[in-house]
Amino acid sequence: HRRFDYRPKTDPYCQARYTFCPTGSAIPVMKEEDVIEVYRLQAPVWEFKYGDLLGHLKIMHDAVGFRSSLTGKNYTMEWYELFQLGNCTFPHLRPGMDAPFWCNQGAACFYEGIDDAHWKENGTLVLVTTISGTMFNEMAKWVKYDNETGIYYETWTVQASPDKRSIVWFDSYECSKFILRTYQKLADLGAVFKKIQTNYTSIILFSGEPIYLGNETSIFGPLGNKTLAAAIRDFYYPFKPHRTVREFFVDLLKIIDRVILHHQFYLFYNLEYWFLPMKFPYLKIIYEEVPLPIGSKTSFGV
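What this report covers is the structure whose coordinates are included nearby. Quick caveat: nothing in here was measured; it's all calculated off a predicted structure. Counting starts from 1 at the beginning of each chain's written sequence and moves along it residue by residue. A pLDDT threshold of at least 70 governs which residues receive local features in this predicted model, and a stricter bar of 80 or more applies before side-chain atom pairs are shown or counted, although totals over entire chains, interfaces and linings include all residues. Side-chain metrics in this entry use all non-hydrogen atoms of the structure; hydrogen atoms and water are not considered.

Right, let's talk about the layout of surface pockets for a bit. Put plainly, a pocket is an open set of points on a 1 Å grid over the protein atoms alone with protein on both sides within 12 Å along at least five of seven lines, a cavity is a set where a 1.4 Å probe fits but cannot get out, and a lining residue has an atom within 4 Å of a point. Grid points are joined across faces, edges and corners, and a volume is the space filled by probe spheres set on the points. By volume, the largest pocket is sized at about 1,500 Å³. In terms of lining residues, the largest pocket is bounded by 40 residues, among which Leu85, Gly86, Thr89, Phe90 and Phe239 are the most central. Of all the secondary-structure elements, those providing two or more residues to the lining of the largest pocket are α1 (47-50), α2 (84-89), β8 (199-207), α8 (245-261) and β11 (272-289). At six residues, the largest contribution of residues to the lining of the largest pocket is made by α8. Lys, Arg, Asp and Glu make up the charged group, whereas Ala, Val, Leu, Ile, Met, Phe, Trp, Tyr, Cys and Pro make up the nonpolar group; the residues left over, Gly among them, are polar. Split by residue class, the lining of the largest pocket holds 29 nonpolar, eight polar and three charged. Going along the chain from the N terminus, every DSSP run of H or I of four or more residues is numbered as a helix, and every run of E of two or more is numbered as a strand.

Have a look at this one:
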């Protein structure tokens, strides 16, 4: 996943149903001698709206919590889509615009408090390590860098087969990856993690070797490939929001025909388009263990 030099301004066309990070605040500077508890937080996606529904499918959202021993204050930090998951996964086909239009930025959100009920009721709230105030402040600097350079949400992991040793063509870039990066940063700073099992959700597409198609200009620009441009727009059209149940099922049949019967998928990744020659089992949601990291430096003395 590519890093960028800066975060571009979002287009007013991109609108979120739920406000991104509504109570967000700056990350505080902790006193060096503070002892801060770090919590693993996980709950079903859209738990606030659908309860445990997506939890049964193991579609989970991840975050990390902190508790300062000196102040007793709790904090939550997470990374998610600015304009909800659908906008990050599929583009808009806007009238008068040849190229699909993407609202696919993601970002970190930090706010005071941990909503115990939200995380505990259908998910996880468990202590994973303890760090010093110095380590927390170093992590905060890293979060700023990570947030300014890793700016686009990517829903899909794409790999060659369900085998655990399979080639990964494209890796996802979503909430769990941010938490894993944060844990690794803390481990590199000297945090020692508890030995507990930690699982994360991945949505995987299975494909043969991807074929590079080009970027927005080379495909949709004045000198672009009109046939390819039309094929990409045609592929994305059935993924639009639906007004009626009938419309949904008609488009679902189109998606099944394209992806499963004709083995086709167009992926937008790092601002470039790729063709995926799809393979059985086409798509799978897995809830797989990723162990907590082992640090590479000595502890700061916690």
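Read across the open sheet, the five strands follow the order β4-β3-β2-β1-β5; overall the sheet is antiparallel. One side of each edge strand has no neighbouring strand; the edge strands of this open sheet are β4 (106-112) and β5 (124-132). Across the sheet, the mean angle separating the axes of adjacent strands is 25° when strand polarity is ignored. For strand β2 (residues 60-68) and strand β3 (residues 74-81), the ladder comprises five bridges, and the chain directions are antiparallel. Bridge assignment links alanine 63 to a residue of β3, and that residue is glutamate 78. Working rule for contacts: check all heavy atoms of both residues, and any pair within 4.5 Å makes them a contact. Here the axes come from fitting lines to C-alpha atoms, over the contacting stretch only for helices, and the angles between their N-to-C directions go from 0 to 180 degrees. The strands that helix α4 (residues 133-149) touches are β1 (35-44), β2, β3, β4 and β5; relative to β5, the one it contacts most, it runs at about 110°. Where helix α5 (residues 175-188) meets the sheet, it contacts β1, β2, β3, β4 and β5, and its direction lies at approximately 35° from that of β2. Between any two strands, pairing holds if DSSP finds at least two bridges.

Take α5 next. Expected span, for any helix, means 1.5 Å times one less than how many residues it has. The terminal C-alpha atoms of α5 lie 20 Å apart, and with 14 residues this matches the ideal 20 Å at 1.5 Å per residue to within 8%. Regarding α5, the residues found buried are Cys175, Ser176, Lys177, Phe178, Ile179, Arg181, Thr182, Tyr183, Leu186 and Ala187. Backbone geometry just after α5 places glycine 190 at a positive phi near 120°. Exposed residues in this analysis have more than 50% of their type's maximum accessible area, buried residues have under 20%, and partly exposed residues fall in between, with area computed by a 1.4 Å probe over protein chains only.

On to the state of the cysteines. Where two cysteines share a covalent bond between their sulfur atoms, that bond is called a disulfide. The definition used for a disulfide is geometric: two cysteine sulfur atoms within 2.5 Å. A full pass over the atoms with the stated rule returns two disulfides. The partner cysteine of cysteine 14 in its disulfide is cysteine 103, sulfur to sulfur 2.1 Å. Here the S-S torsion is close to -85°, and the disulfide linking cysteine 14 with cysteine 103 is therefore left-handed. You can see cysteine 14 sitting in the segment before β1 and its partner cysteine 103 sitting in the loop between α2 and β4, a full 89 residues away along the chain. The pair cysteine 14 / cysteine 103 is uniform in exposure class, with both members buried. Between cysteine 21 and cysteine 109 runs a disulfide, and the two sulfur atoms are separated by 1.9 Å. Residues cysteine 21 and cysteine 109 are joined through a disulfide that is right-handed, its torsion about the S-S bond being 80°. Linking cysteine 21 in the segment before β1 with cysteine 109 in strand β4, this pair joins segments that are 88 residues apart in sequence.

As a further point, take the pairing of β3. Among the eight residues of β3, seven are classified as buried, and the element is accordingly described as predominantly covered. Here β2 folds back onto β3, and the loop between the two strands holds five residues, one of which, glycine 72, carries a positive phi near 75°. Sheet topology places β3 next to β4; seven bridges connect them, and they run antiparallel. Along β4, the bridge assignment pairs methionine 77 with phenylalanine 110.

The step from phenylalanine 280 to proline 281 runs through a cis peptide bond, and the omega angle for that step is 5°. Considering the arrangement of structural elements, one finds proline 281 in strand β11. Phi at histidine 263 is positive, roughly 55°, even though this residue is not glycine. For histidine 263, the position within the fold is in the loop between α8 and β10 (264-269). Backbone geometry places asparagine 270, a non-glycine residue, at a positive phi of 55°. In this structure, asparagine 270 sits in the loop between β10 and β11.

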